[in-house]
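Read off the chains here:
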Amino acid sequence: MLDPKLLRGDPEKVKAGLKNRRGDPSLVDEFTAIDEKWRKLTAGIEEKKARRNAASEKIGELKRKKEDASALLAEMKTLSDEIKELETKQQALESDLNNLVLGLPNLPDGSVPVGEGSAENIEVRSWGEKPAFSFKPLPHDELGQRLGILDFARAAKIARSRFVVYRGFGAALERALISFMLDLHTKEHGYIEVLTPLLVNADSLRGTGQLPKFAEDLFRCQDDDLYLIPTAEVPVTNLHRDEILEPEKLPLKYVAYTPCFRREAGSYGKDVKGIIRQHQFNKVELVKFTAPENSPAEHEQLTADAEKVLQKLGLPYRVVQLCTGDLGFASAKTYDLEVWFPSEGAYREISSCSNFGSFQARRAGIRYRPRKETKPEFVHTLNGSGLAVGRTFAAILENYQQEDGSIVIPEALQPYLGGLRKFSAI
RNA sequence: GGAGGGAUGGCCGAGCGGUUGAUGGCGGUAGUCUUGAAAACUACUAUGCGCGUAAGCGUAUCGGAGGUUCGAAUCCUCCUCCCUCCGCCA
């Protein structure tokens, strides 16, 4: 959520920011118009309430002295009715204002390149050497099926399309990746591991920005009004919703493994093959709460922490900075990590590391007190995948495939697979 | 699922229609005392919103949403969460 004071104080700046990220600047004018009405109305209501409060006190006094208060009483009756009527109008304005503000995306950070879409994203750096093959490298889904470790047909039978069954070594590899990532981030990067609910309420989704705008992307349990999480960002960031954090505890760093559930509405026909785009996938997520002045540095570090996973696994990747037009709804600045897929001869997103500034903190009421005597301020929140496990699985199959159809296990992963160095179909 | 009990400020805990934003305690901050510290004592110590350059003024907030009333932390209705007992269950 944007600061209403910024919306009021510098509407032109907000409009410019919205334009850059392909938002609708006219919403700012709409806000101003409703806000002005609201303020006028509110001032009137408060003035009436002040009168009522004063009179009520007097009535109490009169009654205690057993004097007659009926004239005042009658007067206050009509005043109270007036207030009630005005408050109905006020509530309508507030709800309009609220919906409007909750629908506004975050403003891009000043350091983000202006651009229309993914074509204008900027490669920041790349790492690793793309493997050279003396044969035509196969796509991961084909490898997985040949090795008997991925089963799409049966997953579609028991659920529907865009689900997968991991079998045998496949299941073990997925589990090994999860453990490896969690160990790396907890033991070497200082994150606290959390295991959260996978179902969350609407307040949580509003806090991180998935609601109200992106309801169609979520699986919802209608009877209970709970939603399956689309990312661990939701439960982990909301861990501290409506809290005031101790400044000495910042930065607070969490890592969480969770399955993620996405309806993928509107992506029909996109990535239909393989495990790149599934309704359910595993992800290890990094989440940070920081003081505002530290968030840029923490953002760089978080990105580096995610990169470390790819480096240890020996997977070639590049870091891309998203331009203003490609930024996610809540993000002020984002780096995508893209891993190399030999079968496609292309890099594909495997992690997205974002600084949300105070956008989520304001929605979710996450604050800290810089000093004992100062007022609480909103923290900055950041998060990034460290990494998307399914896509990491796919990248390993593709990058480590051998001509005989076997898969070489990256060294860092071997301890998690009982020392296995290579997997071949049985 | 059935029967009961509860939710109040950073925390504990009073209040149960009329200066109650809310007694008291703990914690915190500042000061007095002390060579220093502890102890003791004194003062201060919630947040949102509006108006105002500011001091400040107004208003709202006692789990949430409604209602009754001139006036609600206190009464009524619905909802959520927590606790105890029974049932069921991994």
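Residues numbered from 1 in each chain as written. Chains lettered and ligands numbered in written order. Predicted model: local features only at pLDDT ≥ 70, side-chain atom pairs only at ≥ 80, totals over all residues. Heavy atoms only, no water.

### Structural notes on the protein's contact with RNA strand B
Neighbouring residues of RNA strand B: 24 residues in total, closest R8, R39, E46, A50 and S80. Taken together, the sugar and phosphate atoms account for 75% of what RNA strand B places within 4 Å of the protein. One of the side-chain N or O atoms of S80 is found 2.7 Å from a phosphate oxygen in RNA strand B. The side chain of R369 places a nitrogen or oxygen atom 3.1 Å from a phosphate oxygen of RNA strand B. Within the residue set of the surface near RNA strand B, elements represented by two or more residues are α1 (4-9), α3 (26-64) and α4 (70-103). The element contributing the most residues to the surface near RNA strand B is α3, with 11 residues. Grouping the amino acids of the surface near RNA strand B by side-chain chemistry returns six nonpolar, four polar and 14 charged. (Near = heavy atom within 4 Å. Polar contact = N/O pair within 3.5 Å; in protein donor to acceptor, adjacent residues only side chain to side chain. Helix = DSSP H or I, 4+ residues; strand = E, 2+ residues; numbered from the N terminus. Nonpolar A, V, L, I, M, F, W, Y, C, P; charged D, E, K, R; others polar.)

### Things to note about helix α10 (residues 295-313)
Along its 19 residues, α10 runs 28 Å from first to last C-alpha, staying within 8% of the 27 Å computed at 1.5 Å per residue. Listed as buried for α10 are S295, E298, H299, L302, T303, D305, A306, E307, V309, L310 and L313. Of the residues one or two after α10, G314 is the one with positive phi, at around 70 degrees. (Expected span 1.5 Å × (residues − 1). Buried < 20%, exposed > 50% of the residue type's maximum accessible area, 1.4 Å probe, protein only.)

### What to know about the pattern of salt bridges
With the rule as written, the count across this model stands at 25 salt bridges. Note that K283 is salt-bridged to E285, the shortest N-O span being 2.7 Å. Judged by its relative accessible area of 5%, K283 is buried. One salt-bridge network, in which partners are shared between bridges, spans E264, D271, R277, E344 and R348. (Salt bridge = Lys/Arg side-chain N within 4 Å of Asp/Glu carboxyl O.)

### What to know about the domain arrangement of chain A
Assigned domains of chain A: these are domain 1 (4-103) and domain 2 (118-423). Opposite the six residues of domain 1 that make contact, domain 2 presents 11 residues. Both faces considered, domain 1 and domain 2 share a buried interface measuring about 680 Å² in area, 49% of it formed by carbon and sulfur atoms. Interface area lost by domain 1 to domain 2 is led by R21, L102 and G103, which between them contribute 73%. Summed over the shared surface of domain 1 and domain 2, the number is zero salt bridges. Between the two partners, domain 1 and domain 2, sit six residue pairs in polar contact (both at pLDDT 80 or more). For the side of domain 1 that touches domain 2, a count of residues per class yields two nonpolar, two polar and two charged. (Domains from an automatic or database assignment. Contact = heavy atoms within 4.5 Å. Buried area = accessible area lost by both parts, 1.4 Å probe.)

### Comments concerning the UniProt feature "binding site: L-serine" (unreviewed entry) in chain A
What UniProt calls "binding site: L-serine" (unreviewed entry) maps, in this numbering, to T231, A232, E233, R262, E285, N383 and S385. Within the secondary structure, T231 is located in the loop between β7 (226-228) and α9 (233-237). Ignoring anything within four residues of it in the chain, the contact list for T231 reads Q210, C260, R262, K283 and E285. Checked against the element boundaries, A232 lands in the loop between β7 and α9. Of the residues examined, A232 reaches a relative accessible area of 0% and is grouped as buried. (UniProt positions renumbered as here; feature names shortened; annotations may be inferred.)

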